[in-house]
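So you can see what is in the structure, the chains are spelled out below.
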Amino acid sequence: SSVDPATKGRGTMATLTDGVPAARRPLTLKVAFHGEKLELSMNLGDDVAAVSAELKRRTGVAPARQRLICRGRVLREPGVKLSSLLPCTGAPELAMMLMLTEAQSEKVRRGFGDMLRWLVAWLEIAWAVIYRFFHSLIMPAAYAGNAPKNKRASGTAGGPQPGDVAGLAAACGAGG
């Protein structure tokens, strides 16, 4: 099917040689959504808003939550004509992908949950530090372990003693 030379260049009002206006030419739209392929019968003159309305009817997903992707581009403008998305003039089908966007209420709920988890984590850390601090004041032996035996308590003078070096060497594994 070729474009009639007398009507070439008139946009969507152009007719093909079979007499059907280009805007009314059928187009098969294959939309991938959650692992399944939906086939929609649309016209070349239809726009993205019409596709969104048909997808809402078929899937139940509101147009505000739809993200349509065609040929690597996210279709943000609802007024874009399907004929402008075709890979080549006169192509009988077009492939798209439908992805869901997160609703605003879900974003708020997720943000609140994240903030709550962050707050609880910090409160747990603060509680652990405060508990350990006050518990160490009340029961210092629980954190200090057994007190070392004081060899010098027998009344000898302070400072280094002759047996200190030998005891240190024995503790380190050196002979002595």
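For the structure itself, consult the block above.
As the structure is a computational prediction, the values presented were derived from the model and not from experiment. (Residues numbered from 1 in each chain as written. Predicted model: local features only at pLDDT ≥ 70, side-chain atom pairs only at ≥ 80, totals over all residues. Heavy atoms only, no water.)

## Quick word on the packing of aromatic side chains
Part 1 of the argument: Summed over all chains, the structure comprises 3 aromatic pairs.
Part 2 of the argument: Note on W118 and W122: the rings are 6.3 Å apart at their centroids and 65° apart in plane angle, and the pair reads as edge-to-face. Of the two residues, W118 and W122 both sit in helix 2 (residues 104-138), 4 residues apart, roughly one turn of that helix. (Phe/Tyr/Trp six-rings, centres within 6.5 Å; stacked < 30°, edge-to-face > 60°. Helix = DSSP H or I, 4+ residues; strand = E, 2+ residues; numbered from the N terminus.)

## Considerations on the nonpolar core
Part 1 of the argument: Counting residues in hydrophobic clusters, the biggest one holds 22 residues, and the most contacted among them are V51, L94 and M96.
Part 2 of the argument: Only strand 1 (26-33), strand 2 (36-43), helix 1 (48-59), strand 3 (66-70) and strand 5 (93-100) provide two or more residues apiece to this core.
Part 3 of the argument: Top contributing element to this core by residue count: strand 1, with 4 residues. (Core = buried A, V, L, I, M, F, W, Y, C linked by side-chain atoms within 4.5 Å. Buried < 20%, exposed > 50% of the residue type's maximum accessible area, 1.4 Å probe, protein only.)

## A look at the sheet that holds strand 3
Part 1 of the argument: One open sheet holds the 5 strands; their spatial order is 2-1-5-3-4, and the pairing between them is mixed. Looking along the sheet, the strands with just one partner apiece sit at the ends: strand 2 and strand 4 (73-74).
Part 2 of the argument: The sheet contact formed by strand 1 and strand 5 spans 5 bridges and is parallel. Paired with L29 across the two strands is L94, which belongs to strand 5.
Part 3 of the argument: Most of the contacts of helix 1 go to strand 2, to which it runs at about 135°, and overall it touches strand 1, strand 2, strand 3 and strand 5. (Pairing = 2+ DSSP bridges. Contact = heavy atoms within 4.5 Å. Axes fitted to C-alpha atoms, helices over the stretch in contact; angles between N-to-C directions.)

## Looking at the environment of L86
Part 1 of the argument: Position of L86 relative to the elements: it lies in the loop between strand 4 and strand 5.
Part 2 of the argument: On the basis of relative accessible area, L86 is assigned to the buried category, the value being 10%.
Part 3 of the argument: Sequence separation between L86 and L44 is 42 residues; the distance between their C-alpha atoms is 9.1 Å.
Part 4 of the argument: Discounting residues that sit within four places of it in the chain, L86 has contacts with L27, L44, R71, A91, E93 and L94.

## Description of a nonpolar patch on the surface
Part 1 of the argument: Residues F112, M115, L116, W118, L119, V120, W122, L123, I125 and V129 make up a contiguous nonpolar surface patch of about 1,100 Å² in total accessible area.
Part 2 of the argument: Residue classification places W118 among the exposed residues on the basis of a relative accessible area of 54%. (Patch = residues over 30% accessible without salt bridge, like charges linked within 9 Å, V, L, I, M, F, W, Y side chains within 5 Å. Areas by Shrake-Rupley, 256 points an atom, 1.4 Å probe, with all protein chains shown as cover. Salt bridge = Lys/Arg side-chain N within 4 Å of Asp/Glu carboxyl O.)

## Digging into helix 1
Part 1 of the argument: The end-to-end C-alpha separation of helix 1 is 16 Å, in line with the 16 Å expected for 12 residues at 1.5 Å each.
Part 2 of the argument: For helix 1, the set of buried residues is V48, V51, S52 and L55. One face of helix 1 carries all of its buried residues, which in axial projection span an arc of 100°.
Part 3 of the argument: The elements touched by buried residues of helix 1 are strand 1, strand 2, strand 3 and strand 5.
Part 4 of the argument: At the C-terminal side of helix 1, G60 shows a positive phi close to 85°. (Expected span 1.5 Å × (residues − 1). Arc of directions from axis to C-beta.)

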